[in-house]
Amino acid sequence: MTRDMTQGNITGHMMSYAVPLVFGNLFQQLYHTVDSVIVGQFNGKEALAAIGSAGPVMNILIFLIVGISMGSSILMAEYFGAKDYESLRKEMATSLTAGFLLTAVLTVVSVCGSGLFVRFTRTPAEIAPLAADYLRIVSAGLFFTFLYNILAAGLRAVGDSKAPLYVLIFTTAVNVVLDLLLVGVLGMGVCGAAIATVSAQAASALALLGCLFFRARFLWVPLSEMRIERKFLKKTIDYSSVSALQQTMLYLGRLLVQSGVNSLGVDAVAAFNAVSIADSYILAPGDSLAASMTTFAAQNKGAGTRDRIGKGLKTMLCIAELYVCLAAVIVFTQSRWILEIFLKPQETSALTFGLSYLLPMSWGYILTGITNTFQGYFRGIGNLKITLWATLIQIPIRVTVTYLLLGALGLQAVAVGTIIGWICMAVFQYFCCRKWGIHETGSYRTNA
C-alpha cells in the first residue's frame, strides 16, 4: 500500500513508515547470521571461518548494489511526491536495466575471481577452498540480490515499507529451513549454506515482483519498456555512486578497526565480535528512522511542500533522540547481561573487554539520533555530497583515534574513537544544515 507523505500528519506518516523498516532491519540482521550459526553448529569452526572469510568480498559487492538502489529510491520518491508517474516508471526502467548490466559484470568477476579474492584477503590455506566455494555460489545469485533491493527501493519510495518486511520475514524462514535441510540433514556444509542463501534471495525477488504487480502497478515495467534513458541514467549515477562510495568507506573503516582489535588477542576479538553484533541490533532502529526521513523529505521535495521538510526534520530528531536515550539507559544498566548472550560467564577477560567498550558506547549512541537523522535528511533533499563528506570526516577520525589509544585503553579505544568521530560528524552536519538547509523558521531552502 502506497503512502503519500506530502499531506496529513507528519509524525503519523513517519512512524507508520518507520516501524515496518525497524522490524525489517532486525530480520535482515537475523537473515545474515543464520548461515553462520547453523554451519557453525553442524560443521564446526573451519566451516564457520570460511563463511566469515568470504564476507568482506561479498559485503563490498552488496554495498555496490545497495548504493544503486538507495540512489534510485531517492529519485523515485521525488517523482512520486510530484505525482510524475511517467518519470517514476522511466527511473525504475533505467535503474533496472543499468543495474542488471552492472550486476552481470560483478557476477562474472566474482565467480571467476573467487579463488584470487580469497587469497587476497589472506584466508588461511586450510579453509581457502571452502571460502572460495561459498563466494562462488553466492556470487552467482547476485542477480536476485539486486532485483530484491531495487524492487524494495521502489516500493519504499512510494511509501510502502510493509511489503518488503513481509517478504523478508518469508525469505528468512525459507533460508532457515533450507539451511537445516541442506546443511543439517544432507550434510552439504558450506556449499549447502550458499545454495540456501541464493534460493532465499530468489524467493524474495519473485515475491516482490508479485507485490509490485498487485500493490503498485504504476511501478511495473514490462520487458518491452526496459531501456536506459540518458537523462535518468546520469542522475541515477550521480546519486548511486555517492551512496555506494559512502557505504564502501564505512565498511573499510570497520575493517581497519577490526585489524587493530585483532592485535589485542583472542579475548578482545571475541568481545569485539559480541559488541559488534549488539551494536548492529541497537543501531538498526535508528537506521530505519533515517530511511523514513529520507523518503519523507524526497516526496515533499518532489511535491514542492518544502515547509513540511523542516517540520519533519525537527520531528524526526525528537523521535530518534527519544529512542537512543532509552537504548543508552538499557545498554548501560544491562551491559553484562547483553554480553553474556554471546560470552560465557566464566570468560571473565573477554567480558571485561566487552564492558570497557559497551559502558562508554552506551552514551555515545545518543549522538546517532542526530547523525543518522541528518544523513536521512540530506539524502532526501538530494544533497548526497554532504552525507559523503560527513562519512569521510568521521571514519578517518574514528580509525586514527582508535589506533592512537589502542595500546593504552584496549577495546575501550574503539568506543572513544567512534564517539569522537560521531561528534565531529554531528557538528559538520549541523553547520551544513544551517548553511544549506533549515532556517530558524523551519522552512526549507535548496542548496542551489
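What you see is a predicted model; the values in this text were computed from it and never measured.

**Q** In this structure, what is going on with the overall build of the protein chain? I would like to understand it.
**A** Scanning the protein chain from terminus to terminus reveals 14 helices and zero strands. Secondary structure of the protein chain in N-to-C order comes out as α-α-α-α-α-α-α-α-α-α-α-α-α-α. When burial is assessed residue by residue, the protein chain has 52% of its 448 residues classed as buried. At a minimum sequence separation of 6, the contacts of the protein chain that also span at least 24 residues come to 79%. Accessible area of the protein chain: about 19000 Å², with a carbon and sulfur share of 68%.

**Q** How should the packing of aromatic side chains be read in this particular structure?
**A** In this description, an aromatic ring pair is defined by two values, namely the gap between the centres and the angle between the planes. Evaluation of the coordinates by the stated rule reveals nine aromatic pairs. Ring geometry for Phe143 versus Phe144: centroids 5.4 Å apart, planes at 75°, classification edge-to-face. A relative accessible area of 37% means that Phe143 is categorised as partly exposed. A ring pair is formed by Phe332 and Trp363, whose centres lie 5.3 Å apart and whose planes are at 50°; its orientation type is tilted. Of the two residues, Phe332 is situated in helix α10 (residues 306-333) and Trp363 in helix α12 (residues 348-380); the sequence distance between them amounts to 31 residues. Here Trp363 falls in the partly exposed class, since its relative accessible area comes to 40%. Aromatic rings pair up to connect Phe100, Phe143, Phe144 and Phe146 into one cluster.

**Q** What is the right way to look at empty space enclosed by the protein in this model?
**A** Any empty space left between atoms is shown by rolling a water-sized probe over those atoms. In total, this model carries one cavity of 30 Å³ or more according to the counting rule given. When its volume is computed, the largest cavity comes out at roughly 30 Å³. Lining the largest cavity we find Pro20, Leu21, Gly24, Arg156, Ser161, Pro164, Leu165 and Leu168. For the lining of the largest cavity, the elements supplying multiple residues, two or more each, are α1 (10-81) and α6 (162-185).

**Q** Just to check I follow, could you spell out helix α5 (residues 142-157) for this structure?
**A** Residues lying three or four places apart along an α-helix face the same way, a consequence of the helix completing one turn every 3.6 residues. An ideal rise of 1.5 Å per residue puts 22 Å on 16 residues; α5 measures up with 22 Å between its terminal C-alpha atoms. Positive backbone phi, approximately 90°, marks Gly159, located one or two places after α5.

**Q** What am I meant to see in the side chain of Thr391 here?
**A** Residue placement: Thr391 occurs in helix α13 (residues 384-409). Overall, the relative accessible area of 1% leaves Thr391 in the buried class. Among the polar contacts made by the side chain of Thr391, one reaches the main-chain carbonyl oxygen of Thr387 at a distance of 3.1 Å. When residues no more than four places from it in sequence are discounted, the contact partners of Thr391 are Gln246, Met249, Leu250, Gln375 and Pro396.

**Q** Before we go on, may I ask you to explain the nonpolar core in this structure?
**A** Generally speaking, a soluble globular protein has its nonpolar side chains buried in company with each other. In this structure, Leu88, Met92, Tyr134, Ile150, Leu155, Leu208 and Leu219 are the most contacted members of the largest nonpolar core, which totals 57 residues. Among the elements of the structure, α1, α2 (85-112), α4 (128-140), α5, α6, α7 (189-215), α8 (230-262) and α13 are those that each provide at least two residues to this core. Of the residues forming this core, the biggest block, 15 residues, is contributed by α1. Within the second largest apolar cluster, 27 residues are counted, among which are Val257, Val331, Leu351 and Tyr365.

**Q** What should I look at first to understand a nonpolar patch on the surface in this one?
**A** Together, Leu181, Val185, Leu186, Met188 and Ile195 line one region of the surface with nonpolar side chains, adding up to about 430 Å² of accessible area. In this fold, Ile195 is placed in helix α7.

**Q** What is the right way to read the side chain of Thr294 from this model?
**A** Considering the arrangement of structural elements, one finds Thr294 in helix α9 (residues 266-303). Residue class for Thr294 comes out buried when judged on its relative accessible area of 9%. A polar contact is formed between the side chain of Thr294 and the backbone oxygen of Gly376, at a distance of 2.8 Å. What Thr294 contacts, discounting residues up to four positions off in sequence, is Ile74, Gly376, Arg379 and Gly380.

**Q** What should I look at first to understand the packing of α5 against α7 in this one?
**A** Two numbers describe how α5 lies on α7: the axes approach to 8 Å, and their chain directions differ by 35°. Classified by chirality, the crossing of α7 by α5 is left-handed. Contact residues: Phe144, Thr145, Leu147, Tyr148, Leu151, Ala152 and Leu155 in α5; Val198, Gln201, Ala202, Ser204, Ala205, Leu208, Leu209, Cys211 and Leu212 in α7.

**Q** Which parts of the structure should I look at to understand the environment of Thr248?
**A** Looking at the secondary structure, you find Thr248 in helix α8. Classification of Thr248 as buried rests on a relative accessible area of 17%. Between the C-alpha atom of Thr248 and that of Ile60, which follows or precedes it by 188 residues, the distance is 6.5 Å.

**Q** Please explain α6 as it appears in this structure.
**A** In a regular helix each residue adds 1.5 Å, so 24 residues correspond to 34 Å; α6 covers 34 Å between its end C-alpha atoms and thus fits that length. Buried within α6 we find Ala163, Pro164, Leu165, Val167, Leu168, Thr171, Thr172, Val174, Asn175, Asp179, Leu182 and Val183. A positive backbone phi angle near 65° is found at Gly187, which sits one or two residues after α6.

The rules behind these values
- Residues numbered from 1 in each chain as written.
- Predicted model: local features only at pLDDT ≥ 70, side-chain atom pairs only at ≥ 80, totals over all residues.
- Heavy atoms only, no water.
- Helix = DSSP H or I, 4+ residues; strand = E, 2+ residues; numbered from the N terminus.
- Buried < 20%, exposed > 50% of the residue type's maximum accessible area, 1.4 Å probe, protein only.
- Contact = heavy atoms within 4.5 Å.
- Areas by Shrake-Rupley, 256 points an atom, 1.4 Å probe, with all protein chains shown as cover.
- Phe/Tyr/Trp six-rings, centres within 6.5 Å; stacked < 30°, edge-to-face > 60°.
- 1 Å grid on protein atoms, 1.4 Å probe; cavity = no way out; pocket = protein on both sides within 12 Å on 5 of 7 lines; lining within 4 Å.
- Points joined across faces, edges and corners; volume = space filled by probe spheres on them.
- Expected span 1.5 Å × (residues − 1).
- Polar contact = N/O pair within 3.5 Å; in protein donor to acceptor, adjacent residues only side chain to side chain.
- Core = buried A, V, L, I, M, F, W, Y, C linked by side-chain atoms within 4.5 Å.
- Patch = residues over 30% accessible without salt bridge, like charges linked within 9 Å, V, L, I, M, F, W, Y side chains within 5 Å.
- Salt bridge = Lys/Arg side-chain N within 4 Å of Asp/Glu carboxyl O.
- Axes fitted to C-alpha atoms, helices over the stretch in contact; angles between N-to-C directions.
- Left-handed = near helix turned anticlockwise from the far one by under 90°.

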